[in-house]
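The chain contents come next:
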Amino acid sequence: MFGYIVVNKPEMKFREFDVYHAFYCGLCRSLQRQYGITGELTLTYDMTFVALLLTGVYEPETVIETKRCVVHPLHKQQMASNTFLDYAADMNVLLFYEKCRDDWNDEKKWTRKAMAGLLKNAYQKVTEKYPQKTEKILTCLEQIYQAEKKNELDIDKMSGYYGEVMAEVFACYPDVWEESLRKMGFFMGKFIYLMDAFDDVEEDLKNQTYNPLKQAFMQDPENFDENCRGILTMMMTECSREFERLPILENVDILRNILYSGVWFRYWQVVKRRKEEREKQ
């Protein structure tokens, strides 16, 4: 359930994309610095958004440096660094490790089992650093696992479990902004869970693996995309409502680009693919 919280690059100004890219590279650098090359391999756009969001809320001292990296050895890249990029790196490792374990348990993917093994030490460092947060996140993930085993089809309940995971990630401090950040994370998490199910429904039907949207897809395939769009829109409406209550001035246009446009990139890709497949048939 990674890769859905992205920017709509064509709608961004060059300067805005440079800032976003600096945070993306900064997250990569933080992962490498704290957890080595294996940590770099977990890099996600989702946690780049978290770092940008929390930076906008709390306005920490942020340094942007120009450096070379292994991925781009010939050209120097701008890299941001601050406390929330380090926090996002920690959460990235935690969620990526659990995703690898989930893929191994569900689909017996040996590559994921191997990756989890490589990340074990990094994962333990994160759990020791955030014991209470880790416990809450693992409780929610276990609820998802147990509900999937029972073939739970209540999409509100299932997406709500992952919503609680992201709420815990977004709410980094117990302060005046915690409630809005937690609500924002909750609805973002529900969106991610449902978008992942929407994306994978045909494959899950073919492989006979769990997906809470399979029944809806089989009952009304013609209107499935539009029905899902309505549900997903409700999730992002609530998420964006909480976002607009936060006192964010720094990089606010980048964050709005993601919330109002970027998150729909994968949805429209899937809709286009299904339309083309229907036309071929």
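Everything discussed here concerns the structure shown above.
In this text, all values refer to a predicted model and were calculated from it rather than measured experimentally. (Residues numbered from 1 in each chain as written. Predicted model: local features only at pLDDT ≥ 70, side-chain atom pairs only at ≥ 80, totals over all residues. Heavy atoms only, no water.)

### Some thoughts on the overall build of the protein chain
- Across its full length, the protein chain carries 11 helices and two strands.
- When the helices and strands of the protein chain are listed from N to C terminus, the series reads α-α-β-β-α-α-α-α-α-α-α-α-α.
- For the protein chain, whose C-alpha radius of gyration is 19 Å, the value lies close to the compact-globule estimate of 19 Å for 281 residues.
- With respect to the three principal axes, the spread of C-alpha positions in the protein chain is 55 × 45 × 40 Å.
- Looking at the 281 residues of the protein chain, the share that counts as buried comes to 50%.
- Considering only contacts in the protein chain between residues 6 or more positions apart, those separated by 24 or more positions represent 69%.
- Of the roughly 14,600 Å² of accessible surface on the protein chain, a fraction of 51% belongs to carbon and sulfur atoms.
- Charged side chains in the protein chain number 38 positive and 45 negative. The centres of these two groups are separated by 4 Å. (Helix = DSSP H or I, 4+ residues; strand = E, 2+ residues; numbered from the N terminus. Rg over C-alpha atoms; globule rule 2.2 N^0.38 Å. Buried < 20%, exposed > 50% of the residue type's maximum accessible area, 1.4 Å probe, protein only. Contact = heavy atoms within 4.5 Å. Areas by Shrake-Rupley, 256 points an atom, 1.4 Å probe, with all protein chains shown as cover. Lys, Arg positive; Asp, Glu negative; His and termini not counted. Charge placed at Lys NZ, Arg CZ, Asp CG, Glu CD.)

### Looking at the packing of helix α2 (residues 45-58) against helix α7 (residues 178-207)
- Where α2 contacts α7, the two axes come as close as 13 Å, and the packing angle between them is 165 degrees. Classified by the angle their axes make, α2 and α7 are roughly antiparallel. Where α2 crosses over α7, the two elements pack in a sense that is right-handed. Here Asp46, Phe49, Leu53, Leu54, Val57 and Tyr58 of α2 lie close against α7, whose contacting residues are Leu181, Met184, Met188 and Ile192.
- Grouping the amino acids of the contact of α2 with α7 by side-chain chemistry returns nine nonpolar, no polar and one charged. (Axes fitted to C-alpha atoms, helices over the stretch in contact; angles between N-to-C directions. Parallel < 35°, antiparallel > 145°, perpendicular 65-115°, else oblique. Left-handed = near helix turned anticlockwise from the far one by under 90°. Nonpolar A, V, L, I, M, F, W, Y, C, P; charged D, E, K, R; others polar.)

### Quick look at α7
- In this model, α7 (30 residues) spans 40 Å end to end at C-alpha, consistent with the 44 Å of a helix rising 1.5 Å per residue.
- Maximum bend of α7: about 60 degrees, positioned at aspartate 200.
- Looking one or two residues past α7, glutamine 208 carries a phi angle of roughly 60 degrees, positive in sign. (Expected span 1.5 Å × (residues − 1). Bend = angle between axes of the 7 residues up to and from the residue.)

### Notes on the packing of α2 against helix α10 (residues 252-260)
- Where α2 meets α10, the closest approach of the two axes is 10 Å, and the angle between their N-to-C directions is 135 degrees. What the angle tells us is that α2 and α10 run oblique. In this structure, α2 crosses over α10, and the sense of that crossing is left-handed. Counting all contacts with α2, which are made through Phe49, Leu52 and Leu53, the residues of α10 involved are Ile254, Leu255, Ile258 and Leu259.
- Tallied by class, residues from the contact of α2 with α10 come to seven nonpolar, no polar and no charged.

### Some remarks on unusual backbone geometry
- One non-glycine residue with positive phi stands out, namely glutamine 208, at about 60 degrees.
- Structurally, glutamine 208 can be placed in the loop between α7 and α8 (214-219).
- The exposure class of glutamine 208 is exposed, given its relative accessible area of 71%.
- You will see that asparagine 251, though not glycine, has its phi angle at about 60 degrees, which is positive.

### Points about the pattern of salt bridges
- As enumerated under the stated definition, the model contains 19 salt bridges in all.
- Here lysine 129 and aspartate 90 are joined by a salt bridge, their closest N and O atoms 3.0 Å apart. One end of the pair, lysine 129, is in helix α4 (residues 110-129); the other, aspartate 90, is in helix α3 (residues 83-107), with 39 residues separating them in the sequence.
- What makes lysine 129 partly exposed here is its relative accessible area of 48%.
- We note a salt bridge from glutamate 244 to arginine 256, for which the minimum N-O separation is 2.8 Å. Of this pair, glutamate 244 sits in helix α9 (residues 224-244) while arginine 256 sits in helix α10; the two residues are 12 residues apart in sequence, bridging distant segments of the chain.
- Judged by its relative accessible area of 32%, arginine 256 is partly exposed.
- Through salt bridges that share partners, Glu202, Asp225, Arg273, Arg274 and Glu277 make up one connected network. (Salt bridge = Lys/Arg side-chain N within 4 Å of Asp/Glu carboxyl O.)

### Observations regarding the side chain of glutamate 16
- Here glutamate 16 lies in helix α1 (residues 14-40).
- The side chain of glutamate 16 is buried and forms no salt bridge, while arginine 15, the nearest opposite charge, is found at 4.4 Å.
- Other than its neighbours up to four places away in sequence, glutamate 16 contacts Asp253 and Ile254.

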